[in-house]
Amino acid sequence: MRVMSTVTLTLFCAIICCSLTEMRSNGSSPNIIIMLMDDMGWGDLGVFGQPSKETPNLDAMAAQGMLLPNFYTANPLCSPSRAALLTGRLPVRNGFYTTNAHARNAYTPQEIVGGISKDEILIPQMLKKKGYVSKIVGKWHLGHRPQYLPLEKGFDEWFGAPDCHFGPYNSNIRPNIPVYNNSEMLGRYYEEFKIDRKSGESNLTQIYLLEGLDFILRQTEDQRPFFLYWAADATHAPVYASKRFLGKSQRGRYGDAVMELDYSVGQILSLLRSLGIENNTFVFFTSDNGAALMSGPKESGSNGPFLCGKETTFEGGMREPAIAWWPGHIKGGTVNFQLANVMDLFTTSLAVAGISPPDDRALDGLDLTPVLLNWPHTLQNRPIFYYRGNELMAVRLGQYKAHYWTWSNSWEEFKNGINFCPGQEVQGVTTHDQKEHTLQPIIFHLGQDPGEKFPISVLTKEYQDVLSRISPVVEQHKKTLVPGVPQLNMCDLAVMNWAPAGCEKLGKCLKVPKSEPWKCDWPH
C-alpha cells in the first residue's frame, strides 16, 4: 500500500514536473481518468443549480470543459450501471440482471454467487493493446469472489473494496467488507478502516485521493499511458467525510461528503497541470445512478428538477451529472445536449486511445469524441433505453420519453416507509403496482416537463407523431436484443467475505458456513 502525505506529493511534483514535461513525446497515447461517484444526483453540483454552491472545483472543471446535461446511466442501481460502463453494454446483455422476478433491480451484495462474466471484455483489457497501465481506486461491485475481482479483469492495480461499505456487522453472522490492496486484503471496513456511524467521520476519501495521485505520479514518471478508474463512494449511505470537512456544508453530512469529493477532484486536476500532462489526459466525471432519496435528506442528495431517484427509471433515477475535461481538445465552457450514457465511456475511451472496439459483440455505447471535440454536425439522434432488471421500462428519443411500464416500489415497501419518490407522487405515473402501458405508452416532453408530471394527451397529434417515431425504435431493439446469461439470480451465505485472500497474514480469516444456495429475493 502506497500512501503519501500531501506534503510529500507536493515536493515530488515540484522535483519531477519540468523534466517529465520535456520527456513526454507529442505522440504518446492520452491518459484516461473516469471519476464515478456513488449515488450522487444531477442536482448536487453548483453548475447544475445546487443553491449552496459548494462544488467550486467541479464547477471550474465544467467551465474549463464540457457539461453534458442529457447524460444517463444504464440502470438505476450501482452494480449494473458499473458493469455497463466497463463493458459498453446494457446490463441485460452483459448479464448484470436477474430473472427471479419481473423488472427487479439486482446488484452484488456479499451473498451473491455471480459476478461479471468471463466472456465480457472490460475497458482495461482493451487498453492493454496500447500498453496502458490501469488502476481502480474505490468501489468495484462486479462480484467479490476471486475470479471476479479487478486484477482478473484487466486492471493492474486496485485499492478499494468489492462491495458497499455497509456495516458494522457481527462477524459471527456477517463479515465486514474487506479493503484490498491489489490481490490481498489489508483489513476491513469498521475495523482497520474506520467509519464512525455516529459522527460520520472516515478518512477513506483522503486515502482514495492519495492512492489516485500516487498512481498518476508513478505512471507519469515511467512515461506510461494510464487509465485511472476513481470510484469513491462517500456519498452512498452511510455517508462519510474526514474531520476536515465534517460540519462544513450547509447541506449537512451528505454535503460534507460532496465537498470532500469536490476537493479531491480539484487535487487530481491540479496534479495533472503540475505535471504538464493536462493536455494529454482525458477526464470524465459522472455518477452511477441518481441520488438515493429513500435514504432521507441527511443521507442523500438532489436530483434537481427530475422525478424520483435511485432504483426507478424516472429521470431522477437515471439522469446523471456529467463533465468532460481535456484542455487543448475540449473547448472550455461548452454545453452539449447530445443524449449520451455511461456505456459511451467504453467506446469513447477506446477511441481516445486509438483502439478499435471489439467487433464480436453488440455494443450499446457510442463514440462521443466527435461531440466532445465539437466537430460540426455531430449530434446523433440516438435513443436512451431505461431498463429495470429484465424489462425495458421507457425509451427517450429527442425531447420525448415514452413509459411502457411504470413502477416506483411495492405497496408493502411503501407502507413500511421505503419511498423512492418522497414528496413527488404523480398519479398514474409513480405507481406502486407494476403497470404496463405497452399499448398506450405514457409520453412526456422532457424539455417542457423535466419532472414528468404532465403526460401528453393521447388524443393529440403530437402524441401520435411521437409514438410513430418511437415505436419502430422499440420494436427493432427488442427484435435484435440477445439477453446475456443472468449473473444475479443465486445467493449463498458461504460465498460472503469470510476469508478473502490475505486474511491469513492478518489473522482476519473467519469460519465459512455450510453452502446452502437459494434464489435471491429482489424486492424492488
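This structure is a prediction, so every number in the text was calculated from the model and none was measured.

Visitor: Give a detailed account of the environment of Ala 234, specifying residues and quantitative values.
Guide: Following the sequence through the fold, Ala 234 ends up in the loop between β8 (226-231) and α7 (253-274). Classification of Ala 234 by relative accessible area gives buried; the value is 0%. For the pair Ala 234 and Glu 315, spaced 81 residues apart in sequence, the C-alpha separation works out to 23 Å. Dropping the residues within four chain positions of it, Ala 234 is found in contact with Thr 205, Val 239, Tyr 240, Ala 257 and Leu 261.

Visitor: Mind laying out the layout of surface pockets, listing which residues take part and the relevant values?
Guide: In this structure, the largest pocket encloses a volume near 410 Å³. Taken together, 21 residues form the lining of the largest pocket, with Tyr 107, Phe 166, Met 294, Glu 311 and His 524 sitting closest to its centre. Here the lining of the largest pocket is composed, by residue class, of twelve nonpolar, five polar and four charged. Counted as a void, the second largest pocket has a volume near 320 Å³. As for the second largest pocket, its lining consists of 20 residues, and the residues nearest its centre are His 144, Arg 145, Pro 146, Tyr 180 and Ala 501. Residue composition of the lining of the second largest pocket, grouped by class: 14 nonpolar, four polar and two charged.

Visitor: Can you tell me about the sheet that holds strand β11 (residues 323-325), naming the residues and giving the values?
Guide: The ten strands are arranged β7-β6-β5-β4-β8-β1-β9-β11-β2-β12 in an open sheet whose pairing can be described as mixed. For this open sheet the edge positions go to β7 (184-188) and β12 (334-335), each flanked by a neighbour on one side alone. Bridge count between strand β4 (residues 133-139) and β8: six bridges; the pairing is parallel. Across the sheet, the residue bridging to Lys 135 is Leu 228, located in β8. Packing against the sheet, helix α6 (residues 204-221) makes contact with β1 (31-37), β4, β5 (157-161) and β8, and its axis sits at approximately 175° to β8.

Visitor: Describe the state of the cysteines, with residues and values.
Guide: Following the criterion strictly, the structure yields three disulfides and no others. Between the sulfur of Cys 308 and that of Cys 421 lies a disulfide, 2.0 Å long from S to S. Given an S-S torsion of about 105°, the disulfide between Cys 308 and Cys 421 has right-handed geometry. You can see Cys 308 sitting in the loop between β9 (281-287) and α8 (315-318) and its partner Cys 421 sitting in the loop between α11 (411-415) and β18 (435-436), a full 113 residues away along the chain. As far as burial versus exposure is concerned, Cys 308 and Cys 421 are alike and both buried. Between the sulfur atoms of Cys 503 and its disulfide partner Cys 509 the distance amounts to 1.9 Å. Measuring handedness by torsion sign, the sulfur bridge of Cys 503 and Cys 509 sits at about 90° and is right-handed. Classification of Cys 509 by relative accessible area gives partly exposed; the value is 36%.

Visitor: Explain the sheet that holds strand β10 (residues 319-320) residue by residue, including any values.
Guide: An order of β10-β3-β13 is seen for the three strands of this open sheet, with the pairing classed as mixed. The two strands at the open ends of the sheet, each matched to only one other strand, are β10 and β13 (340-341). The pairing of strand β3 (residues 71-72) with β10 spans two bridges and is antiparallel. In the sheet register, Tyr 72 faces β10, and the bridge partner there is Arg 319.

Visitor: Break down the packing of helix α2 (residues 56-64) against α7 for me, citing the residues and quoting the values.
Guide: Where α2 meets α7, the axes come as close as 7 Å, and the angle between the chain directions of the two elements is 50°. Put simply, α2 runs oblique to α7. In contact with Pro 56, Asn 57, Leu 58, Met 61 and Gln 64 of α2, α7 contributes Asp 262, Tyr 263, Val 265, Gly 266, Leu 269 and Arg 273. Among the residues forming the contact of α2 with α7, the class breakdown is six nonpolar, three polar and two charged.

Visitor: How would you explain the UniProt feature "domain: Sulfatase N-terminal" (unreviewed entry) in the protein if you had to name every residue and give the values?
Guide: As recorded in UniProt, the sites labelled "domain: Sulfatase N-terminal" (unreviewed entry) are residues 30-355. Structurally, residues 30-355 is divided into 25% helix and 17% strand, and its ends, taken at the C-alpha atoms, are 12 Å apart.

Visitor: Provide a residue-level description of the packing of α6 against α7, including the pertinent values.
Guide: Look at α6 against α7: their axes get within 10 Å of each other, and the N-to-C directions meet at 10°. The angle between α6 and α7 places the two elements in the roughly parallel class. Of the two elements, α6 crosses α7, and the hand of that crossing is right-handed. The segment α6 lies against α7, with Thr 205, Gln 206, Leu 209, Leu 213, Ile 216 and Leu 217 engaging Glu 260, Leu 261, Tyr 263, Ser 264, Gln 267, Ile 268, Leu 271 and Leu 272. Considering only residue class, the contact of α6 with α7 consists of nine nonpolar, four polar and one charged.

Visitor: Would you mind going over the packing of aromatic side chains in detail, with residue names and values included?
Guide: Within the structure shown, the criterion is met by 17 aromatic pairs. Ring geometry for Trp 140 and Phe 155: centres 6.1 Å apart, planes at 90°, overall edge-to-face. Residue Trp 140 is found in the loop between β4 and β5, and its partner Phe 155 is found in the loop between β4 and β5; the two are separated by 15 residues along the sequence. Residue class for Trp 140 comes out buried when judged on its relative accessible area of 0%. Geometrically, the ring pair formed by Phe 155 and Tyr 229 is stacked, given 6.2 Å between the ring centres and 20° between the ring planes. Taken together, the positions of Phe 155 in the loop between β4 and β5 and Tyr 229 in strand β8 put the pair 74 residues apart, joining distant regions of the chain. Here the aromatic residues Phe 71, Phe 282, Phe 284 and Trp 326 are joined through ring pairs into a cluster of three or more.

Rules of the game
Residues numbered from 1 in each chain as written. Predicted model: local features only at pLDDT ≥ 70, side-chain atom pairs only at ≥ 80, totals over all residues. Heavy atoms only, no water. Helix = DSSP H or I, 4+ residues; strand = E, 2+ residues; numbered from the N terminus. Buried < 20%, exposed > 50% of the residue type's maximum accessible area, 1.4 Å probe, protein only. Contact = heavy atoms within 4.5 Å. 1 Å grid on protein atoms, 1.4 Å probe; cavity = no way out; pocket = protein on both sides within 12 Å on 5 of 7 lines; lining within 4 Å. Points joined across faces, edges and corners; volume = space filled by probe spheres on them. Nonpolar A, V, L, I, M, F, W, Y, C, P; charged D, E, K, R; others polar. Pairing = 2+ DSSP bridges. Axes fitted to C-alpha atoms, helices over the stretch in contact; angles between N-to-C directions. Disulfide = S-S within 2.5 Å. Parallel < 35°, antiparallel > 145°, perpendicular 65-115°, else oblique. UniProt positions renumbered as here; feature names shortened; annotations may be inferred. Left-handed = near helix turned anticlockwise from the far one by under 90°. Phe/Tyr/Trp six-rings, centres within 6.5 Å; stacked < 30°, edge-to-face > 60°.

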